[in-house]
Amino acid sequence: MTDLRSDRAFFEVLCESHARFVGRRLAPEGADAAWLYEDAPFAVLAHDASADPRFIYANRTAQRCFGYSWEEFVGLPSRLSAEAPERAARQALLDSVAQNGFAEGYRGVRITKSGRRFWIEEGVVWRLVAPDGSSAGQAATFSAWRDA
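Now for a look at the structure at hand.

What counts as what
Residues numbered from 1 in each chain as written. Predicted model: local features only at pLDDT ≥ 70, side-chain atom pairs only at ≥ 80, totals over all residues. Heavy atoms only, no water. Helix = DSSP H or I, 4+ residues; strand = E, 2+ residues; numbered from the N terminus. Rg over C-alpha atoms; globule rule 2.2 N^0.38 Å. Buried < 20%, exposed > 50% of the residue type's maximum accessible area, 1.4 Å probe, protein only. Contact = heavy atoms within 4.5 Å. Areas by Shrake-Rupley, 256 points an atom, 1.4 Å probe, with all protein chains shown as cover. Lys, Arg positive; Asp, Glu negative; His and termini not counted. Charge placed at Lys NZ, Arg CZ, Asp CG, Glu CD. Salt bridge = Lys/Arg side-chain N within 4 Å of Asp/Glu carboxyl O. Expected span 1.5 Å × (residues − 1). Arc of directions from axis to C-beta. Phe/Tyr/Trp six-rings, centres within 6.5 Å; stacked < 30°, edge-to-face > 60°. Polar contact = N/O pair within 3.5 Å; in protein donor to acceptor, adjacent residues only side chain to side chain. Core = buried A, V, L, I, M, F, W, Y, C linked by side-chain atoms within 4.5 Å.

### So, the overall build of the chain
Point 1. Within the chain, the regular secondary structure consists of 5 helices and 6 strands.
Point 2. Listing each helix as α and each strand as β along the chain from the N terminus yields α-α-β-β-α-α-α-β-β-β-β.
Point 3. Here the C-alpha atoms of the chain give a radius of gyration of 14 Å, agreeing with the 15 Å that 2.2 N^0.38 yields for 148 residues.
Point 4. The 148 residues of the chain split such that 47% are buried.
Point 5. Within the chain, counting contacts between residues at least 6 apart in sequence, those at least 24 apart form 49% of the total.
Point 6. Of the roughly 7,400 Å² of accessible surface on the chain, a fraction of 50% belongs to carbon and sulfur atoms.
Point 7. In the chain, 18 side chains carry a positive charge and 20 a negative one; their mean positions are 5 Å apart.

Have a look at this one:
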């Protein structure tokens, strides 16, 4: 699997899909893949389009929130980011995004590697569309979080 941390093409898929569905920029003018991964003050995660989606991307802010390293995050089933009782609400959100292209204002409880629960606030989830028009999965960003 390609390392997406500094992959320009993946950065463009993230940003172009966000602009297309959400209607605004994901990153500031002049930002690049390195900025989004290393320096963005908000979390960005993405999972693939498989039946049991697995994370393919998590920037440093997301890694700090969830307590996983890049190596631990990539390949992890994204359903494990929520506790079992929260998974139905998470799945309903993902189904809505698949149908409508995006959802914003999302709020939900997530779980860290150590088992600590935390709220994500002001979440935006959107479909990822590859340059050939195929589905590349979904991505999410959130800019506020707090302990549950």
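### Quick word on the pattern of salt bridges
It is possible for side chains of opposite charge to pair when their charged atoms get near one another.
Point 1. This structure, assessed with the given rule, holds 12 salt bridges.
Point 2. When salt bridges with common partners are traced through the structure, they connect Asp-3, Arg-5 and Glu-71 into a single cluster.

### Things to note about helix α5 (residues 87-100)
One turn of the α-helix equals 3.6 residues, which is why residues spaced by three or four share an orientation.
Point 1. With 14 residues, α5 extends 20 Å from end C-alpha to end C-alpha; this agrees with the ideal 20 Å at 1.5 Å per step.
Point 2. Taken as a whole, α5 has its buried residues at Arg-90, Leu-93, Leu-94 and Val-97. Along the long axis of α5, the arc covered by the buried residues comes to 95°, so they all point the same way. Turned more than 90 degrees from where α5 packs its buried face, Ala-88 and Gln-99 sit exposed.
Point 3. Phi turns positive one or two residues past the end of α5, at Gly-101, with a value near 95°.

### Notes on the environment of Ala-27
Point 1. In this structure, Ala-27 sits in the loop between α1 (8-22) and α2 (33-39).
Point 2. With 22 residues separating them along the chain, Ala-27 and Ala-49 place their C-alpha atoms 23 Å apart.
Point 3. Non-local contacts of Ala-27, meaning those with residues more than four positions away in its chain, are made with Phe-11, Cys-15 and Trp-35.

### Digging into the packing of aromatic side chains
Point 1. Applying the stated rule across the entire model yields 11 aromatic pairs.
Point 2. Seen from their ring centres, Phe-66 and Phe-142 are 6.5 Å apart, and the 70° between their planes marks the pair as edge-to-face. Linking Phe-66 in helix α3 (residues 60-66) with Phe-142 in strand β5 (residues 135-142), this pair joins segments that are 76 residues apart in sequence.
Point 3. With relative accessibility at 3%, the residue Phe-66 sits in the buried group.
Point 4. Taken together, a centroid distance of 5.8 Å and an interplanar angle of 85° make the contact between Phe-142 and Trp-145 edge-to-face.

### A short note on unusual backbone geometry
Point 1. Unusually for a residue other than glycine, Glu-122 sits at a positive phi of about 55°.
Point 2. Locating Glu-122 in the fold gives a position in strand β4 (residues 117-129).

### A short note on the side chain of Thr-141
Point 1. In this fold, Thr-141 is placed in strand β5.
Point 2. A distance of 2.7 Å separates a polar side-chain atom of Thr-141 from the backbone oxygen of Ala-43.
Point 3. If near-sequence neighbours (up to four positions away) are discounted, Thr-141 is found in contact with Leu-26, Phe-42, Ala-43, Val-44, Glu-122, Gly-123, Val-124 and Trp-126.

### Points about the nonpolar core
Point 1. Judged by nonpolar contacts, the single largest core of 26 residues is most densely connected at Phe-10, Leu-14, Leu-36, Ala-46, Tyr-57, Trp-126 and Leu-128.
Point 2. Among the elements of the structure, α1, α2, β1 (43-47), β2 (55-58) and β4 are those that each provide at least two residues to this core.
Point 3. Among residues more than four places away in sequence, those in contact with Leu-36 are Phe-11, Leu-14, Leu-26, Phe-42, Val-44, Tyr-57 and Asn-59.
Point 4. Within the second largest apolar cluster, 20 residues are counted, among which are Phe-55, Ala-58, Val-97 and Phe-142.

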